[in-house]
Amino acid sequence: MLTINSQETAGLLPFDGLIKALAAAFAEGCEMPVRHHHTIDVPNEAAATLLLMPAWHGARQSTRYLGIKIVTVFPGNTGRNLPGLTSTYMLYDAQTGIQLATLDGNVITGRRTVAASALAADYLARKNASRLLVLGAGRVASLIPDAYRAIRPLEQVAVWDIDRGNAERLAQTIEASGLAATVVDDLERAVAEADIVSAATLATTPLIRGAWLRPGTHVDLIGGFTPGMREADDEAIGRASVFIDTEEALHEAGDLVQPIEAGLFSEESVRSTLAGLCRANRFARSSDDEITLYKAVGTALADLAAATMVYEAATLNGKG
């Protein structure tokens, strides 16, 4: 059994290759039960979350793996200067059940999340989109610019975070990678000026207002994953053509659950899932003025595709 650490896992998941692997995986599909979602009470802090996310390739698929990701989310860790999310991925042979590898689930989660986001944007964002606004400065948010420049000609990245110091550090890292980056404080103006707005936060009240969106903007919401979390308001959802990663987003994401419960949005209003986009394999934006919005809660299919990519690359390179 291989143990593949965080540095090795990241090195074997370049965004250009990962985006292509995810496109193939979403188009093909896999067996993917509804994730186990458990709330854990933490004294004097926000409740924590335990997620169990299994997936496996079907009997008729030529490549057959089985995987499960175990995730813990502890919002109170922010005050401890610790990561809020920790995860481990275990990969098995789907024919025999023998464990093949243990991988760094944090790296898989972060990289597959932003790669799936970029994949969706490749179908939805304007072809000439060059100005990216990133909301958040954590581990996932820090990966967004690299993923997006694999699919669009980025020229400028603006960064906003509730902690300006974190935003400044991320902007410096982005600058070091060769992209122009600035820290923004006026969120309304920053949203209005962006071609793509990508949010990766743990916000429980909307940060993005629909009134701020100019025609042609693509909005990417990847932070919220419970009914109580929101990154965009009802007007943003109402103005946009809405796409989702999987049907689970309709029941788990506050950005959709709350307006559905209020009667302001319906499940039938969703234009497509990411699998639908990949199977159609054509640009889905109808005009340069259309506002598009992609809401993701994460999927075990993407985890399995990323873990498979890492394992096969590692064994090809002689690690096994």
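Residues numbered from 1 in each chain as written. Predicted model: local features only at pLDDT ≥ 70, side-chain atom pairs only at ≥ 80, totals over all residues. Heavy atoms only, no water.

Draft legend 1. Structural detail: the layout of surface pockets. The calculated volume of the largest pocket comes to roughly 1500 Å³. As for the largest pocket, its lining consists of 49 residues, of which Thr78, Gly84, Ala200, Thr201 and Leu202 are closest to the centre. For the lining of the largest pocket, the secondary structure elements donating two or more residues are β2 (36–40), β3 (48–56), β4 (65–73) and α3 (105–124). When residues of the lining of the largest pocket are assigned to their parent elements, the largest contribution, five residues, is made by α3. Split by residue class, the lining of the largest pocket holds 23 nonpolar, 20 polar and six charged. Taken as a whole, the second largest pocket encloses approximately 300 Å³ of empty space. Surrounding the second largest pocket, 16 residues form its lining, Ala25, Glu28, His57, Ala305 and Thr308 being those nearest its centre. Elements with a contribution of two residues or more to the lining of the second largest pocket: α2 (15–28) and α11 (300–316). (1 Å grid on protein atoms, 1.4 Å probe; cavity = no way out; pocket = protein on both sides within 12 Å on 5 of 7 lines; lining within 4 Å. Points joined across faces, edges and corners; volume = space filled by probe spheres on them. Helix = DSSP H or I, 4+ residues; strand = E, 2+ residues; numbered from the N terminus. Nonpolar A, V, L, I, M, F, W, Y, C, P; charged D, E, K, R; others polar.)

Draft legend 2. Local environment of unusual backbone geometry. Unlike most non-glycine residues, asparagine 44 shows phi in positive territory, near 65 degrees. Phi is positive for asparagine 81, which is not a glycine, with a value near 60 degrees. Tracing the sequence through the fold places asparagine 81 in the loop between β4 and β5 (85–93). A residue is classified by how much of its surface remains accessible, and asparagine 81, at 73% relative accessible area, is exposed. (Buried < 20%, exposed > 50% of the residue type's maximum accessible area, 1.4 Å probe, protein only.)

Draft legend 3. Focus on the environment of glycine 84. Examined against the element boundaries, glycine 84 turns out to sit in the loop between β4 and β5. The spatial distance from the C-alpha of glycine 84 to the C-alpha of glycine 138 is 9.3 Å, given a sequence separation of 54 residues.

Draft legend 4. The arrangement of the nonpolar core in detail. By size, the foremost hydrophobic cluster in this structure holds 75 residues, and its most contacted members are Leu22, Phe26, Leu103, Ile144 and Leu274. Per element, the largest residue contribution to this core is 11 residues, and it comes from α11. Sequence-distant contacts of leucine 274, defined by excluding residues within four places in its chain, comprise Phe26, Ala116, Leu119, Ala120, Ile244, Asp245 and Tyr294. Among the nonpolar cores identified, the runner-up in size contains 33 residues, and Leu187, Val191, Trp212 and Phe265 belong to it. (Core = buried A, V, L, I, M, F, W, Y, C linked by side-chain atoms within 4.5 Å. Contact = heavy atoms within 4.5 Å.)

Draft legend 5. Layout of the packing of α3 against α11. With their axes 9 Å apart at the nearest point, α3 and α11 run at an angle of 110 degrees to one another. In this view, α3 runs roughly perpendicular relative to α11, as classed from their interaxial angle. Judged by the twist between their axes, the crossing of α3 over α11 is right-handed. Contacts between α3 and α11 involve Ile108, Thr109 and Arg112 from the former and Ala302, Asp303, Ala306 and Ala307 from the latter. Its residues placed into classes, the contact of α3 with α11 shows four nonpolar, one polar and two charged. (Axes fitted to C-alpha atoms, helices over the stretch in contact; angles between N-to-C directions. Parallel < 35°, antiparallel > 145°, perpendicular 65-115°, else oblique. Left-handed = near helix turned anticlockwise from the far one by under 90°.)

Draft legend 6. Quick peek at the packing of α2 against α3. Interhelical geometry of α2 versus α3 gives an angle of 75 degrees and a closest axis separation of 9 Å. Relative to α3, the element α2 is oriented roughly perpendicular. On α3, the residues touching Phe15, Leu18, Ile19, Leu22, Ala23 and Phe26 of α2 are Arg111, Arg112, Val114, Ala115, Ala116, Ala118 and Leu119.

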